[in-house]
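# Close look at the chain arrangement
Next come the chains, spelled out residue by residue.
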Amino acid sequence: MKKIILLGYMGCGKSTIAQNLSKITNIPFLDLDKCIENKANLSINEIFEQFGEIHFRKLEHEIFVELLQSSENSIIGLGGGTPCYANNHELLKSDDVTSVYLKASIDTLYERLVHNKSKRPLIANMNEEEMREFIAKHLFDRSYYYNHAQHKVTVDNKTIEETVQDILEILA
Ligand SMILES: Nc1ncnc2c1ncn2[C@@H]1O[C@H](COP(=O)(O)OP(=O)(O)OP(=O)(O)O)[C@@H](O)[C@H]1O
Ligand SMILES: O=C(O)C1=C[C@@H](O)[C@@H](O)[C@H](O)C1
Ligand SMILES: [Mg+2]
């Protein structure tokens, strides 16, 4: 069954855009972070705190594979780090998958994340200067994996509707 996968750095809009795309296409939306939280019965923060990041990455991989194998059509919003671990980037080109990298600049990500970091354990305890530096380096490291997506949509200075429209054109 067909899967539309949205990927990209924390705050690029995967969950927001996927929800809106789901309303327009009537294809159900699954947020990988939410699926992990439901399965573990813990928040992402709690999983990181109680079991560490490596355990989180194992769960993330297992549940990503389960979602891909399910027989439903779906829009899947990945976690920000999903493509960068456990060879998950190789799954972005699987049969019946359309993968889209939502590409955001450091400035866009910083603006969106600076007031909204508490539920994101990797940046939750950073001050503003540390956060900008972290995003810049981290995005540089991760871009290699994000660029394995089949399609790329730049999201800077676009409304939610404009980004959704760009994705609809890819799907047409
Ligand atoms: N044009 C836009 N497109 C998408 N999101 C936007 C836009 N403008 C502002 N936002 C805001 O930016 C934030 C994007 O966060 P969202 O949770 O969708 O990102 P994410 O990629 O799913 O992050 P994470 O990897 O941490 O789950 C939301 O608070 C959203 O309301
Ligand atoms: O960028 C990341 O590595 C993460 C992003 C979030 O979506 C969560 O999956 C978690 O906070 C880790
Ligand atoms: Mg999200």
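Structure report, in brief. (Residues numbered from 1 in each chain as written. Chains lettered and ligands numbered in written order. Predicted model: local features only at pLDDT ≥ 70, side-chain atom pairs only at ≥ 80, totals over all residues. Heavy atoms only, no water.)

Before going further, it helps to examine the site of ligand 2. In the vicinity of ligand 2, the contacting residues are Met-10, Asp-33, Ile-44, Phe-56, Arg-57, Gly-79, Gly-80, Gly-81, Pro-121, Leu-122 and Arg-142. A distance of 2.7 Å is found between an oxygen atom of ligand 2 and a side-chain nitrogen or oxygen belonging to Arg-57. Note that an oxygen atom of ligand 2 is positioned 3.0 Å from one of the backbone N or O atoms of Gly-80. Considered on its own, ligand 2 offers 310 Å² of accessible surface; in the complex 95% of this is hidden by protein. Split by residue class, the shell around ligand 2 holds 5 nonpolar, 3 polar and 3 charged. (Near = heavy atom within 4 Å. Polar contact = N/O pair within 3.5 Å; in protein donor to acceptor, adjacent residues only side chain to side chain. Areas by Shrake-Rupley, 256 points an atom, 1.4 Å probe, with all protein chains shown as cover. Nonpolar A, V, L, I, M, F, W, Y, C, P; charged D, E, K, R; others polar.)

Within the secondary structure, Arg-57 sits in helix H4 (residues 53–69). Judged by relative accessible area, which is 9%, Arg-57 ranks as buried. (Helix = DSSP H or I, 4+ residues; strand = E, 2+ residues; numbered from the N terminus. Buried < 20%, exposed > 50% of the residue type's maximum accessible area, 1.4 Å probe, protein only.)

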